[in-house]
Amino acid sequence: MALPTRLLALAAAGVAACLVGVGGVALWQAAAALSRAATAQEAAAAAWTSDAAGGAAIARISDAARGIDLYVMPDAGLDSLADGPGLFAGVTPGAPGLSVIAGHRETHFAFLRDLGPGDRLTVEDSSGVTTEFAVVDARVVDGRTVTVDRTPSAAGTAPTLMLVTCWPFDSAALGPERYVVTLAAL
């Protein structure tokens with residue numbers, strides 16, 4: 001038995017309204033995430049430049065030519081990653097040894113897609129010491145099979161920086177693949 005045309009039109013309109021509603025919610029969530037990310041970075045910048053002790057950031061990653069100015073949070077927990085990239089493993093960025101920093105591909109680490117071998121970033125620690133880094137590798141890895149040793153590296157080794165985000169960049173799905181950019185101190 002065929003449904004009347006009017007009923008089909010109403011059903012189609014209802015489905016369309018639901019899809020618009022779901023899309024609107026998704027857009028609102030994305031806008032809220034971007035707003036939180038920007039607000040948290042502004043607060044970290046204010047704390048970084050003030051004389052007040054106890055700022056949240058442990059390091060600053062920058063590249064004026066690309067407009068990159070990011071404050072690194074002391075951990076890479078789900079909540080703190082909404083505020084900025086966070087230290088996932090290793091030593092404070094710029095210190096001798098390996099520092100692994102994670103960040104969201106939609107916000108703070110979206111710029112990673114544009115980095116290639118030889119590109120440079122500057123890292124400043126909380127005491128004002130800066131270290132220049134150059135990209136030596138960028139690759140996609142399977143997060144299920146590649147692990148990072150979370151033990152700080154031995155003192156005396158050169159500063160190395162790994163920036164990690166989800167892959168692919170244009171996906172909303174959380175899959176197992178990660179994009180890893182490795183940088184060596186100059």
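Please refer to the structure placed before this passage.
Each value, and the rule that gives it
- Residues numbered from 1 in each chain as written.
- Predicted model: local features only at pLDDT ≥ 70, side-chain atom pairs only at ≥ 80, totals over all residues.
- Heavy atoms only, no water.
- Helix = DSSP H or I, 4+ residues; strand = E, 2+ residues; numbered from the N terminus.
- Salt bridge = Lys/Arg side-chain N within 4 Å of Asp/Glu carboxyl O.
- Buried < 20%, exposed > 50% of the residue type's maximum accessible area, 1.4 Å probe, protein only.
- Pairing = 2+ DSSP bridges.
- Axes fitted to C-alpha atoms, helices over the stretch in contact; angles between N-to-C directions.

Asker: Help me understand unusual backbone geometry in this model?
Answerer: What is expected of a backbone is that most residues other than glycine have negative phi and most peptide bonds are trans. Between Trp167 and the following residue, Pro168, the backbone shows a cis peptide bond with an omega angle of 0 degrees. The topology assignment puts Pro168 in the loop between β7 (159-166) and β8 (177-185).

Asker: When you look at the pattern of salt bridges in this model, what are you seeing that I'm missing?
Answerer: Any two side chains of opposite charge can pair, given that their charged atoms come close. Scanning the model with the defined rule gives eight salt bridges in all. Between Arg66 and Asp63 there is a salt bridge, with its nearest N and O atoms 2.5 Å apart. For Arg66, a relative accessible area of 36% corresponds to the partly exposed category. Between Asp119 and Arg66 there is a salt bridge whose closest N-O contact spans 2.8 Å. Here the residue Asp119 occupies a position in the loop between β4 (97-102) and β5 (120-125), and Arg66 occupies one in the loop between β1 (59-63) and β2 (68-72), the gap between them amounting to 53 residues.

Asker: Please explain the sheet that holds strand β3 (residues 86-90) as it appears in this structure.
Answerer: The strands making up a sheet associate through hydrogen bonds between their backbones, and the pairing can be parallel or antiparallel. Within the open sheet, the eight strands sit side by side as β2-β1-β5-β6-β8-β7-β4-β3. Their pairing is mixed. The open sheet has two edge strands with one neighbour each: β2 and β3. With strand direction ignored, the average angle separating the axes of adjacent strands in the sheet is 30 degrees. Direction of pairing for β1 relative to β2: antiparallel, over a ladder of five bridges. From the neighbouring strand, Ile61 faces β2, where its bridge partner is Leu70.

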